[in-house]
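Listed below, chain by chain, are the residues.
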Amino acid sequence: MRTRLRIWLIMLAAVLAGALMMTGQVGGRFERGLEPLRFAANEHDASGKVVVVELDAASMAAIGRWPWPRRHYARAIDQLRRAGAASIVFDVDLSARSDPQDDAMLARALARSGGLVALPTFSQQAQTGGTRFIDSLPIAAFRAHAALASVSIQPDVDGLVRDMPLATTTAATPRPTLSAYIASRSGTADATFPIDFSIRPASVPRLSFAALASGRFNPALIRDRNVLIGATAIEMGDRYAATYAGVLPGVVVQALAAETLLAGVPVRGGPVAVLMLALILALPIARARRASIAIAAFAGATALLAAAVMIAQHRFLVHYPLGIGIGMLTVVLMLSLAQIVSHRFREEQLTDSATALPNERALLELAAPPTGAIGVVQLINYNGLAAVLSPVDLAQAIVRITERLRLASADGLIYRVRSDRLAFALSTEQAEEDLVAGLRAILLEPVEVAGRKIDVAAVIGTAIGASVAECFSTAAVAADEAAAAGEFWHGGITSRDALERSVSLMGELDDAIAAGHVSVHYQPKLHLSSGRVRSAEALVRWYHPTRGFIAPDVFIPLAEQADRIVPLTLHVLKTVLADVACWQRDGHNLTAAINISAKLLSNPAFNAQVDRMLDAASVPPTALIFEVTESAAMSDPDSAIATLNAYRARGIAVSMDDYGTGRSTLTYLRNLPLNELKIDRSFVQHARTRPQDALLVKSTLDLAHQMQLTVVAEGVEDAATLEFLRALGCDYVQGYHVSRPVPADTFLASLATWNGETPAAVAGRTA
Ligand code: C2E
Ligand code: CA
Ligand code: CA
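Residues numbered from 1 in each chain as written. Chains lettered and ligands numbered in written order. Predicted model: local features only at pLDDT ≥ 70, side-chain atom pairs only at ≥ 80, totals over all residues. Heavy atoms only, no water.

## Brief notes about the overall build of the chain
- Along its length, the chain carries 30 helices and 32 strands.
- For 767 residues, the compact-globule estimate of 2.2 N^0.38 gives 27 Å, and the chain exceeds it by more than 25% at 50 Å.
- Summarising its shape, the C-alpha atoms of the chain cover approximately 160 × 80 × 45 Å along the three principal directions.
- If you take every contact in the chain between residues at least 6 apart in sequence, the share linking residues at least 24 apart comes to 72%.
- In the form shown here, the chain has an accessible surface area of approximately 36200 Å², with 56% of it arising from carbon and sulfur atoms.
- Positive and negative side-chain charges of the chain, numbering 68 and 72 respectively, have mean locations separated by a distance of 12 Å. (Helix = DSSP H or I, 4+ residues; strand = E, 2+ residues; numbered from the N terminus. Rg over C-alpha atoms; globule rule 2.2 N^0.38 Å. Contact = heavy atoms within 4.5 Å. Areas by Shrake-Rupley, 256 points an atom, 1.4 Å probe, with all protein chains shown as cover. Lys, Arg positive; Asp, Glu negative; His and termini not counted. Charge placed at Lys NZ, Arg CZ, Asp CG, Glu CD.)

## Observations regarding the coordination of the calcium ion (ligand 3)
- Protein coordination at the calcium ion (ligand 3): the donors are D657 (OD), D658 (OD), E714 (OE) and E714 (OE), at 1.8 to 2.8 Å from the metal.
- For the calcium ion (ligand 3), the donor residues sit on a single chain with the sequence spacing D-D-x55-E.
- Taken as a pair, the calcium ion (ligand 3) and the calcium ion (ligand 2) lie 3.9 Å from each other and share D657 as a ligand.
- By relative accessible area, D657 is classed as buried at 6%.
- Under the relative-accessibility criterion, D658 is labelled partly exposed at 26%. (Donors = N, O, S within 2.8 Å, 3.2 Å for Na, K, Ca; no water. Buried < 20%, exposed > 50% of the residue type's maximum accessible area, 1.4 Å probe, protein only.)

## Some remarks on a nonpolar patch on the surface
- Among the surface-exposed residues, L5, L9, L12 and L16 lie close enough to one another that they form a single nonpolar patch of about 410 Å² accessible area.
- Tracing the backbone through its elements, the reader meets L5 in helix α1 (residues 2–23).
- What makes L5 partly exposed here is its relative accessible area of 48%. (Patch = residues over 30% accessible without salt bridge, like charges linked within 9 Å, V, L, I, M, F, W, Y side chains within 5 Å. Salt bridge = Lys/Arg side-chain N within 4 Å of Asp/Glu carboxyl O.)

## Structural notes on the packing of helix α10 (residues 271–287) against helix α11 (residues 291–314)
- Their axes nearest at 8 Å, the elements α10 and α11 cross at an angle of 155°. In this view, α10 runs roughly antiparallel relative to α11, as classed from their interaxial angle. Like other packed secondary-structure pairs, α10 and α11 cross with a definite hand, here right-handed. Taken together, the residues of α11 that come into contact with α10 (itself represented by V274, L277, A278, L281, P284 and I285) are A294, A297, F298, A301, L304, L305 and A308.
- By residue class, the composition of the contact of α10 with α11 is 13 nonpolar, no polar and no charged. (Axes fitted to C-alpha atoms, helices over the stretch in contact; angles between N-to-C directions. Parallel < 35°, antiparallel > 145°, perpendicular 65-115°, else oblique. Left-handed = near helix turned anticlockwise from the far one by under 90°. Nonpolar A, V, L, I, M, F, W, Y, C, P; charged D, E, K, R; others polar.)

## Observations regarding the confidence of the model for the chain
- Within the chain, residue pLDDT values average 88, and 92% of them lie at 70 or more.
- Low pLDDT, under 50, characterises residues 761–767; the predicted model gives this stretch five contacts beyond four residues in sequence or across chains. (pLDDT = per-residue confidence, 0-100.)

## A word on the side chain of R70
- In this fold, R70 is placed in the loop between α3 (57–63) and α4 (71–83).
- Overall, R70 belongs to the buried group, its relative accessible area being 8%.
- Ignoring anything within four residues of it in the chain, the contact list for R70 reads D93, L94, A96, R97, S98, D102, D103, L106, I139 and F142.

## With respect to the nonpolar core
- Judged by nonpolar contacts, the single largest core of 74 residues is most densely connected at V576 and F747.
- Of the residues forming this core, the biggest block, 11 residues, is contributed by helix α20 (residues 565–585).
- If near-sequence neighbours (up to four positions away) are discounted, F747 is found in contact with Y522, Q523, P524, V533, S535, A536, W583, L590, V742 and W754.
- Among the nonpolar cores identified, the runner-up in size contains 38 residues, and V51, L80, A83 and L119 belong to it. (Core = buried A, V, L, I, M, F, W, Y, C linked by side-chain atoms within 4.5 Å.)

## So, helix α27 (residues 691–706)
- Between its first and last C-alpha, α27 extends 22 Å over 16 residues, near the 22 Å set by a 1.5 Å rise per residue.
- Residues D693, A694, V697, T700, L701 and A704 constitute the buried set of α27. Here the buried residues of α27 occupy an arc of 135° about the axis, which is enough to place them on one side. Facing away from the buried side of α27 by over 90 degrees, the exposed positions are P691, Q692, L695 and Q706.
- Positive phi shows up at Q708, right after α27, with a value of about 65°. (Expected span 1.5 Å × (residues − 1). Arc of directions from axis to C-beta.)

## A few points about the packing of aromatic side chains
- A full pass over the atoms with the stated rule returns 13 aromatic pairs.
- Taking the centre distance of 5.6 Å and the plane angle of 75° together, the rings of W66 and W68 count as edge-to-face.
- Residue W68 is classed as buried on the basis of its relative accessible area of 3%.
- An angle of 85° between the planes, with centres 5.7 Å apart, marks the rings of Y73 and F90 as edge-to-face. Of this pair, Y73 sits in helix α4 while F90 is found in strand β2 (residues 87–91), placing the two residues 17 residues apart along the sequence. Each member of the pair, Y73 as well as F90, carries the same accessibility label: buried. (Phe/Tyr/Trp six-rings, centres within 6.5 Å; stacked < 30°, edge-to-face > 60°.)

## What to know about the coordination of the calcium ion (ligand 2)
- Those donors, E537 (OE), N595 (OD1), E627 (OE) and D657 (OD), are the protein atoms that reach the calcium ion (ligand 2), and they lie 2.1 to 2.3 Å from it.
- Read N to C, the donor residues that coordinate the calcium ion (ligand 2) are spaced as E-x57-N-x31-E-x29-D.

## Considerations on the packing of helix α22 (residues 604–616) against helix α24 (residues 637–650)
- Look at α22 against α24: their axes get within 12 Å of each other, and the N-to-C directions meet at 5°. By the angle between their axes, α22 is roughly parallel relative to α24. Here F606, N607, D611, L614 and D615 of α22 lie close against α24, whose contacting residues are T643, Y647 and R650.

## A short note on the environment of S336
- Relative to the helices and strands, S336 is located in helix α12 (residues 323–349).
- Considered as a pair, S336 and M60 are 276 residues apart in the sequence and their alpha carbons are 62 Å apart.
- Residues contacting S336, with those up to four places away along its chain left out, are I10, I285, A286, A288 and A294.

## A look at the pattern of salt bridges
- Within the structure shown, the criterion is met by 28 salt bridges.
- With a shortest N-O distance of 2.8 Å, R162 and D156 are connected by a salt bridge.
- In this structure R162 comes out as buried when scored by relative accessible area, which is 5%.
- You can call D156 partly exposed: its relative accessible area is 33%.
- Linking R268 and D163 is a salt bridge whose minimum nitrogen-to-oxygen distance equals 2.8 Å. Highlighted residues: R268 in strand β14 (residues 267–268) and D163 in strand β6 (residues 163–165), separated in sequence by 105 residues.
- A relative accessible area of 44% places R268 in the partly exposed class.
- Shared partners join several salt bridges into a network, and the residues in it are K525, E537, E627, E676, K678 and E714.

## Description of the side chain of T177
- Following the sequence through the fold, T177 ends up in the loop between β8 (173–176) and α7 (178–182).
- There is a polar contact of 2.9 Å between the side chain of T177 and the backbone oxygen of P165. (Polar contact = N/O pair within 3.5 Å; in protein donor to acceptor, adjacent residues only side chain to side chain.)

## Things to note about the site of ligand 1
- Every one of the 22 residues lining ligand 1 counts as a neighbour, but Q523, R541, R681, E717 and Y736 are closest to it.
- Note that an oxygen atom of ligand 1 is positioned 2.6 Å from one of the side-chain N or O atoms of R681.
- A distance of 3.4 Å separates an oxygen atom of ligand 1 from a polar side-chain atom of E714.
- Alone, ligand 1 offers 790 Å² of accessible surface; in the complex the protein occludes 86% of this.
- The leading source of residues in the shell around ligand 1 is strand β24 (residues 532–544), at four residues. (Near = heavy atom within 4 Å.)

What follows is the structure, encoded as structure tokens:
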């Protein structure tokens, strides 16, 4: 659960990082940094379908002056036409008039070519930084016989050329760019495509203009090729820095763009798809528990992502950003590594390095001792062992001991809290003496290390308590005491309060019963329809000579823990049998209820003694009700049902106590052999004012009556509640409003008042 949360947090951070990279600068930088790699991975030669006729240094030297007289261009067109060029595209400015004779010659050559030639148009700022653009078109005489294609190379903000438009608008007309024209691709104005710079610029076939003009060239080089005519000589200044390819003449950039489009029209993909893929690939990185695995997962994810992006780029001509994805993977790697390191660090802090057992710190981090008890084993001869054993063997010996102690540990964990001390949460299901005897047997057996049998001398201290720290330190002190006293075991007590209670119970309860300090009070159950008290609940009372009254809520649970509940309950039963016999002799047909602890239902010795007592009693078992709580019936239903059936077979009525506080439904209770249901006072007390409590009381009454159960409402403290319950059809009420629990003789004396009889009538009956 916790690791899952951790993974989600990492992934969330990754998504945030991705979003940041999408909007921020860093992502773009990283993206541009990766570009060369992406082109280098697929470097290849041009198709050769585009030939550059270059106005190069040799041509400059041959022709001698600039601008060249246009008759040279006219001649070139004728040469190319004759050589069978597929198309001829000029990347040369022809927007101004020159010598009329030359212009006429070029116009005629264009006319002769029959539409084979495309001439450039371009748009440029009227002034630097201005918003007005001037469109430059070839002069009218040329336009008449040529197609027009726009020239537009726009470097990115970093000065490098990456993309090229498919078309631009010049003189209010959208026109294809040179490259789109050559490749016969169309697109909306200003829609751009990425130029494929993995095509080697040097592989684009070139022909010097001088060679062409003089006719000294191989026509096969031209046949069926698209010819681009433009300047490559440095002094022409038409040069661009391109990503990956470096500085290129404008005409070569055009050629590469045309080559790109001949293979298809590439598009740029958005970052979202990449981020999604990266997110999926990041999952194993986030889940890795070891740094090496995280790094390997990162390498794998990066490779897969890069491969996917490369395939998209070169196969499907979609250029997705890669840097943003790798950036996200990197963020996940960093977070995962940080997590792994901090986790490792924490784990190191919580383990004993020699044995890899959890240490004292780990013990103290427990929220609470699982069973409320901790044992500390102190190795008496640790120093002796350390002197004869190698550190490795010593650690081995400790591990061997812990393997055995594990049986006595509540959660199977043994902590090495000091070099010579082991601690663990006791499984206190066993009785204390049994546990200690078991531990002694475990620790007496020598351990085997490296083929040698080694005797371990150990003592143990235990303590019960709610806080781990308190419990542990008390158990440690108890172990010290045991060692000092030369005994195997000492039990510590965590607080004065606990000390007092357990001392009372362990030592004093039996004496208190014998001395008559433990008595029974009775609380009447008023039968509503007859208005008479027909029954009484027996509630135990302990008056301590020095401490005063001890509430049953305090000592009953302790008596249960200390196995003193059997004698206590038998004492109550004996008292009740005697009191009921007395009442019956007095002419009162009363029953009495006794509370039976959950533990007792599965205690055959207790039930046998109950039988014996009933056999000897002068009152019939039908005068008795045994009150049990649902927890008793829930923990071991089969044995509980069997016991309850046995009680009923004897004639004892069975009552379900504290109904409503547990988890069981009435439907479940149907399976139990019950005569009576007692609705817990927490519902009764507010039934009049809280609708949900009223509902529980009402529905319980209905269902219980359907199941033929008598219903008793506990904790009735006022007349209004009594009337409310009467109106609902409740059978009995019990509570302070009728009477508090009182001693047996007071109970007898008060009956007449409760039953609404006059003292005279009572006198008449007793006479
Ligand atoms: P319980 O079985 O639910 O007993 C009813 C408790 O409610 C009694 O507390 C009683 O004094 C109290 N009570 C009665 N009417 C009212 C009322 O109108 N308002 C309020 N606020 N309380 C009322 P008590 O005597 O302190 O006993 C507490 C618990 O101790 C009992 O709860 C029962 O679970 C246990 N107990 C008492 N005697 C014995 C016994 O002999 N054996 C066992 N195993 N448990 C006993
Ligand atoms: Ca009760
Ligand atoms: Ca109760």
